[in-house]
Amino acid sequence: MTTPLQGTRREATAAPRGDVLAIRGGRALRGRVKVTGAKNLATKAMVASLLGETVSVLRDVPELSDVGVVRSLLEVHGVHVSEGDEPGSLRLDPSDVESAHMEEIDAHAGASRIPILFCGPLLHRLGQAFIPDLGGCRIGDRPIDFHLDALRKFGAVVEKLPSGIRLSAPEGLHGAEITLPYPSVGATEQVLLTAVRADGVTELHNAAIEPEIMDLIAVLQKMGAIISYEPNRVIFIEGVPHLRGYDHRSIFDRNEAASWASAALATDGEIFVEGARQQEMLTFLNVYRKAGGWFDIHEDGILFRRGGPLKPVVVETDVHPGFMTDWQQPLTVALTQAEGESIVHETVYENRMGFTDALVKMGADIVVHPHGLDGGYRRVARRELEQAAVINGPTPLHGADIVVPDLRGGYSHVIAALTASGESIVSGVEILSRGYEKFLDKLEALGADFDVIG
Ligand code: UD1
């Protein structure tokens, strides 16, 4: 059997067992869960190993399907991937990197968006790259124009094919001055992974500065890269001709930690999230406290529960150091139980409120404004693509048959079912394996009452 730390191959198979859950709600989640490495760092650090001339070791790699996808793609390009010297570590040996066949790459790309980040490293190693059509969660158009524009500035030639994109760099890659139209996480990573070995200096303006990006910069510095940054979203990269492997322990998964914290809030339980750290979650913790949550910071994690009745909040999602877009869905479930009107403004993606339909079906009072809402104090500048959800609570939730739409929305559906009275049938749960390690085991350990029925 294939585990998420092993490779994956895209095949037309029936949904795997664990895709449909019968959840009986009304029981508070209590206990301890451990979060390990961040999906949003581990997958990128694995790609970075392609740039080194010696072996890299990545520690605290989460067991997620996206990790399996990246592992497979590295393997089809000749990287030898094996278990490292401790559980949860991977050894990545890039000494035999070679070009892969288009069909092979396509078969292993799965539903992930990470393959786009192979462009720069493959151009440096092989002078060419093929990137298949990208998947990822259905939370908007998720275009790759920033990525392609940046790659062209480095000197790459981009050719669009019906099945994907072919890139070449006939004259090598050179440093560039790039200004991102929006501080995109993926596009910033693209620039970092390409600039570190480009000829000359790269100046990146309007860069994303998420903690996972800072951790990727740390990985690249261990490999021999020269990267500095200024407080105003400017990153300077001085290209070097050779990089070596790294030994790195991944930053913890802030998204998973915030999800379990919101589950404690919604179900009126108490969860100790081992591995969670305060520094990277400051913004989340402020909102948690304002919504009536209570937390206690320990050296090895954070304890989360309610501090009294839940209170309504107004939240605007934003790039770091703002409130992450991945945090709003689980929090919204808790806000259905708060006394009064909450507003969640989604300003990062254009289609990340679809998950609220299921909450409404379960009895929540949520009205989505597809073009956003004006008025009130704003910290984040109004964006054209934004939407807003107005949540009026408290409303008791009741069980329903629901289908998971995407990763974070799916998590919120499971938490809503656990908060609701009666039984819910939740389908499409398998998608949660993209971002939640050992999800069903953790639910069980926290005392959730459910059966796997499909
Ligand atoms: C990453 C995270 C995801 C998180 C998101 C925002 C990973 C695997 N995923 O996604 O969990 O929700 O950051 O914090 O790291 N955009 C463009 N053109 C581009 C690229 C992006 O218009 O070429 C837009 C997107 O449509 C979106 C915004 O920029 O509106 C932010 O996207 P981005 O930060 O790139 O998200 P991801 O890197 O895909």
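On a predicted model such as this, the values are computed, not experimentally measured, just so you know.

Novice: An account of unusual backbone geometry is requested, with residue identities and associated values reported.
Specialist: Of note, the amide linkage connecting His 320 to Pro 321 takes the cis form, showing an omega dihedral of 10°. Within the element layout of this structure, Pro 321 appears in the loop between strand S17 (314-316) and helix H10 (328-335). In this model, Gly 393 is joined to Pro 394 through a cis peptide bond whose omega is 0°. Note that Pro 394 resides in the loop between strand S20 (387-393) and strand S21 (401-403). Not every positive phi belongs to a glycine, and Asp 60 is a case in point at roughly 60°. Structurally, the position occupied by Asp 60 is in the loop between strand S3 (56-59) and helix H2 (65-76).

Novice: Give me the pairing of strand S7 (residues 157-161): which residues, what numbers.
Specialist: With five bridges joining them, S7 and strand S8 (residues 164-168) adopt antiparallel strand pairing. Paired with Leu 161 across the two strands is Gly 164, which belongs to S8. Turn length for the S7-S8 hairpin, with the two strands adjacent in sequence and antiparallel, is two residues.

Novice: Summarise the environment of Pro 94; cite the residues concerned and give the values.
Specialist: With respect to the element layout, Pro 94 can be found in the loop between strand S5 (90-93) and helix H3 (102-108). In this structure Pro 94 comes out as buried when scored by relative accessible area, which is 1%. When the C-alpha atoms of Pro 94 and Pro 115 are compared, they prove to be 17 Å apart, with 21 residues separating the residues in sequence.

Novice: Any details on the nonpolar core? Residues and values, ideally.
Specialist: By size, the foremost hydrophobic cluster in this structure holds 141 residues, and its most contacted members are Leu 29, Leu 167, Leu 220, Trp 260, Phe 284 and Phe 304. With eight residues, helix H8 (residues 254-267) is the largest single contributor of residues to this core. When residues of this core are assigned to domains, at least three map to each of domain 1 (5-35 + 252-452) and domain 2 (39-249). Not counting chain neighbours up to four residues away, the residues in contact with Phe 304 comprise Ala 261, Ala 264, Gly 269, Glu 270, Ile 271, Val 273, Phe 284, Leu 285, Tyr 288, Trp 294 and Phe 295.

Novice: With reference to specific residues and values, describe the domain arrangement of the protein chain.
Specialist: According to the domain assignment, the protein chain consists of domain 1 (5-35 + 252-452) and domain 2 (39-249). Distance from the C-alpha centre of domain 1 to the C-alpha centre of domain 2: 29 Å.

Novice: Account for the sheet that holds S7, naming residues and giving values.
Specialist: Across the sheet, three strands lie side by side as S6-S8-S7; this open sheet has antiparallel pairing. Taken across any chain shown, the strands that pair with only one partner, and hence form the sheet edges, are strand S6 (128-132) and S7. For this sheet, the mean angle separating the axes of adjacent strands, direction not counted, is 20°. The pairing of S6 with S8 spans five bridges and is antiparallel.

Novice: Summarise the pattern of salt bridges; cite the residues concerned and give the values.
Specialist: Pairing between side chains of opposite charge can happen when their charged atoms approach one another. Under the criterion given, the structure shown has 30 salt bridges. Linking Glu 86 and Arg 59 is a salt bridge whose minimum nitrogen-to-oxygen distance equals 3.5 Å. Residue Glu 86 is found in the loop between strand S4 (80-83) and S5, and its partner Arg 59 is found in strand S3; the two are separated by 27 residues along the sequence. A relative accessible area of 25% places Glu 86 in the partly exposed class. Take Arg 59: its relative accessible area is 10%, and that puts it in the buried class. Through salt bridges with shared partners, a single ionic network connects Arg 59, Asp 60, Asp 85, Glu 86, Asp 247 and Arg 249.

Novice: Tell me about the packing of aromatic side chains, and name the residues and values.
Specialist: This model, assessed by the stated rule, comprises 10 aromatic pairs. With 5.2 Å between their ring centres and 80° between their planes, Tyr 288 and Phe 304 make a pair best called edge-to-face. Note that Tyr 288 is positioned in helix H9 (residues 282-290) and Phe 304 in strand S16 (residues 301-306), a separation of 16 residues in sequence. One exposure class covers both Tyr 288 and Phe 304, and it is buried. Ring centres 5.3 Å apart and planes at 80° place the aromatic pair Phe 323 and Trp 327 in the edge-to-face group. Through a chain of ring-to-ring contacts, three or more aromatic side chains come together here, namely Phe 284, Tyr 288, Phe 304, Phe 323 and Trp 327. Above the ring of Trp 294, the side-chain terminus of Arg 305 is found at 3.9 Å from the ring centroid. Across from the ring centre of Tyr 182, 3.7 Å away, lies the NZ or CZ of Arg 383, which sits over that ring.

Definitions and limits used
- Residues numbered from 1 in each chain as written.
- Predicted model: local features only at pLDDT ≥ 70, side-chain atom pairs only at ≥ 80, totals over all residues.
- Heavy atoms only, no water.
- Helix = DSSP H or I, 4+ residues; strand = E, 2+ residues; numbered from the N terminus.
- Pairing = 2+ DSSP bridges.
- Buried < 20%, exposed > 50% of the residue type's maximum accessible area, 1.4 Å probe, protein only.
- Core = buried A, V, L, I, M, F, W, Y, C linked by side-chain atoms within 4.5 Å.
- Domains from an automatic or database assignment.
- Contact = heavy atoms within 4.5 Å.
- Axes fitted to C-alpha atoms, helices over the stretch in contact; angles between N-to-C directions.
- Salt bridge = Lys/Arg side-chain N within 4 Å of Asp/Glu carboxyl O.
- Phe/Tyr/Trp six-rings, centres within 6.5 Å; stacked < 30°, edge-to-face > 60°.
- Lys NZ or Arg CZ within 6 Å of the ring centre and 35° of its normal.

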